[in-house]
Amino acid sequence: MNQINHLNELESEAIFIIREVAAQFERPVLLFSGGKDSIVLVYLSRKAFWPAKIPFPLLHIDTGHNFEETISFRDKLVKKFGVQLIVGSVQESIDSGRVVEEQGYNASRNVLQTVTLLDTIEKYKFDAAIGGGRRDEEKARAKERFFSHRDEFGQWDPKNQRPELWNLFNGEKRPGEHFRVFPISNWTEMDVWQYIYREKIELPSIYYTHTRKVFNRDGVWLAWAPFMKLKPNEKVEEKQVRCRTVGDITCTGLTLSAADSVEDIIREIAATRVTERGGRYDDQRSDAAMEDRKREGYF
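Bear in mind that the values here come from a model prediction, so they are computed numbers and not experimental data.

Undergrad: Sorry, what's going on with the pairing of strand E6 (residues 178–181) here?
TA: A regular strand places its side chains on the two faces of the sheet in alternate fashion. Burial along E6 is two-sided: the residues His178 and Arg180 and Phe179 and Val181 are all buried. Pairing analysis gives three bridges linking strand E4 (residues 128–130) to E6, with the strands arranged parallel. Looking at E6, one finds that Ala129 is bridged to Arg180. Pairing of strand E5 (residues 147–150) with E6 involves four bridges; the strand directions are antiparallel. Opposite Phe147, over in E6, you have Val181 as the bridge partner.

Structure follows, in structure tokens:
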């Protein structure tokens, strides 16, 4: 199968699943992080319903520690496509006592997003949340179905998922339950970048090489920000870096890179032996860090 047919099949599959969500659920929403996968989902959703507008809002869980480039790109994209944006604030969750701010050198608001996300889903009564998770990213995500059932507490049980045969998706649920849906589950990081190249999809500038103040922690390059506490042996320096994934500043590992175009990034990915999430500092908290967060209601 040549690359054009391969991307066409992945695109068709994703569009079919997005349309299934619109058909089966009453109040779907698209989880938008400002990262490349969620941006691709917006473009796929636009194709799925063109010439009508995207029929569901975007939901961004704002940690308050996001990259400025991500927030400005988010606002630009929302205006461009004329979609509704709903923002769940981790800072508001902290202020209201729903979560407690972590302290210490490894403090991060990434884990706190779970409560904010579940509270926002409950507030707006969303019954399906479309996400950009892919099975190649991490071993916990490899267990996902396209339609991932969550109980009334928002929790995920990998042993209690429904079979998906012949593109038949079961969205039946009890009151209070909801689904996470992952239309690009079968895509790889390379597929995503080749699709971005083919469709000429615009991305935040942090995906391309740029000069940034960074420091190295346990072998991972992290962006420096005033709210981050440095260990005595850590020093801030300027490096040419780019992001492979985008999340909270405190846990988004940066790649030393000179890639300043999509073509350069595709060549870089083809040559690397480090996984896309290999630089995510939050995934290094334990061997089962991602699976633990998913069970609690994270992504």
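Undergrad: Even after reading the chapter, I still don't get the sheet that holds strand E7 (residues 210–217), so can you show me in this structure?
TA: Two modes of strand pairing occur in sheets, parallel and antiparallel, and in both the strands are linked by backbone hydrogen bonds. Strand order in the closed barrel formed by four strands is E7-E8-E10-E9, and the pairing between neighbours is antiparallel. On average, each strand axis in the sheet is inclined to that of its neighbour by 70°, with strand direction left out of account. By the bridge criterion, three bridges tie strand E9 (residues 237–243) to strand E10 (residues 253–256) in an arrangement that is antiparallel. Along E10, the bridge assignment pairs Val241 with Leu256.

Undergrad: Sorry, what's going on with the packing of aromatic side chains here?
TA: Given two aromatic rings, their pairing is described by the distance between the two centres and the angle made by the two planes. Following the criterion strictly, the structure yields 11 aromatic pairs and no others. Here a set of aromatic residues connected by ring pairs shows up, and it is made of Phe16, Phe25, Phe146, Phe147, Phe169 and Phe179. Of note, Arg135 hangs over the ring of Phe146, and the distance from its end group to the ring centre comes to 4.9 Å. Its end group placed over the ring of Tyr105, Lys229 keeps NZ or CZ at 4.9 Å from the ring centre.

Undergrad: How should the sheet that holds E4 be read in this particular structure?
TA: One open sheet accounts for six strands, arranged E3-E2-E1-E4-E6-E5; its pairing is mixed. Edge strands, defined here as strands with exactly one partner in the open sheet, are strand E3 (85–89) and E5. Within the sheet, the average angular offset between the axes of one strand and its neighbour, ignoring direction, is 30°. On the sheet, helix H3 (residues 68–81) packs against strand E2 (58–62) and E3 and is oriented at approximately 155° with respect to E3. The strands touched by helix H5 (residues 113–124) within the sheet are strand E1 (28–31), E2, E3 and E6, with E2 carrying the most contacts at an inclination of about 145°.

Undergrad: Teacher, can you tell me more about helix H7 (residues 262–271) here?
TA: Helical periodicity: at 3.6 residues per turn, an α-helix aligns residues three or four positions apart in one direction. Listed in full, the buried residues belonging to H7 are Val262, Ile265, Ile266 and Ile269. The buried residues of H7 occupy an angular sector of 100° when the element is viewed end-on, so they sit on one face. For H7, the exposed residues lying more than 90 degrees away from the buried face are Arg267 and Ala271. Residues of H7 that are buried in the fold lie against helix H6 (189–199) and E9.

Undergrad: What exactly am I supposed to notice about unusual backbone geometry here?
TA: Most of the time, phi is negative for any residue but glycine, and the peptide bond is trans. Following Trp50, the chain continues to Pro51 via a peptide bond in cis, the omega torsion being 10°. Note that Pro51 resides in the loop between helix H2 (36–49) and E2. One non-glycine residue, Asn167, lies in the positive phi region at around 60°. With respect to the helices, strands and loops of the structure, Asn167 is situated in the loop between E5 and E6. What makes Asn167 partly exposed here is its relative accessible area of 46%. Within the chain, Lys200 stands out as a residue other than glycine whose phi angle is a positive 55°. Following the sequence through the fold, Lys200 ends up in the loop between H6 and E7.

Undergrad: What am I meant to see in a nonpolar patch on the surface here?
TA: On the surface, Leu165, Trp166 and Leu168 cluster together into a nonpolar patch covering about 410 Å² of accessible area. Taking relative accessible area as the criterion, Trp166 reaches 73% and is therefore assigned exposed.

Undergrad: Explain the side chain of His210 here, please?
TA: As for its position among the elements, His210 is in strand E7. According to the relative accessible area criterion, His210 is buried, its value standing at 16%. A polar contact is formed between the side chain of His210 and the backbone oxygen of Tyr208, at a distance of 2.8 Å. Sequence-distant contacts of His210, defined by excluding residues within four places in its chain, comprise Ser205, Lys239, Gln240, Val241 and Arg242.

Undergrad: Explain the pattern of salt bridges to me, please; I cannot follow it from the model alone.
TA: A side chain with one charge can pair with a side chain of the opposite charge if their charged atoms come near. What the rule picks out here adds up to 19 salt bridges. Close ionic contact of Lys47 with Glu199 constitutes a salt bridge, the shortest N to O distance being 3.1 Å. With Lys47 in helix H2 and Glu199 in helix H6, this residue pair connects regions lying 152 residues apart in the sequence. You can call Glu199 partly exposed: its relative accessible area is 26%.

What counts and how
Residues numbered from 1 in each chain as written. Predicted model: local features only at pLDDT ≥ 70, side-chain atom pairs only at ≥ 80, totals over all residues. Heavy atoms only, no water. Buried < 20%, exposed > 50% of the residue type's maximum accessible area, 1.4 Å probe, protein only. Helix = DSSP H or I, 4+ residues; strand = E, 2+ residues; numbered from the N terminus. Pairing = 2+ DSSP bridges. Axes fitted to C-alpha atoms, helices over the stretch in contact; angles between N-to-C directions. Phe/Tyr/Trp six-rings, centres within 6.5 Å; stacked < 30°, edge-to-face > 60°. Lys NZ or Arg CZ within 6 Å of the ring centre and 35° of its normal. Contact = heavy atoms within 4.5 Å. Arc of directions from axis to C-beta. Patch = residues over 30% accessible without salt bridge, like charges linked within 9 Å, V, L, I, M, F, W, Y side chains within 5 Å. Areas by Shrake-Rupley, 256 points an atom, 1.4 Å probe, with all protein chains shown as cover. Salt bridge = Lys/Arg side-chain N within 4 Å of Asp/Glu carboxyl O. Polar contact = N/O pair within 3.5 Å; in protein donor to acceptor, adjacent residues only side chain to side chain.

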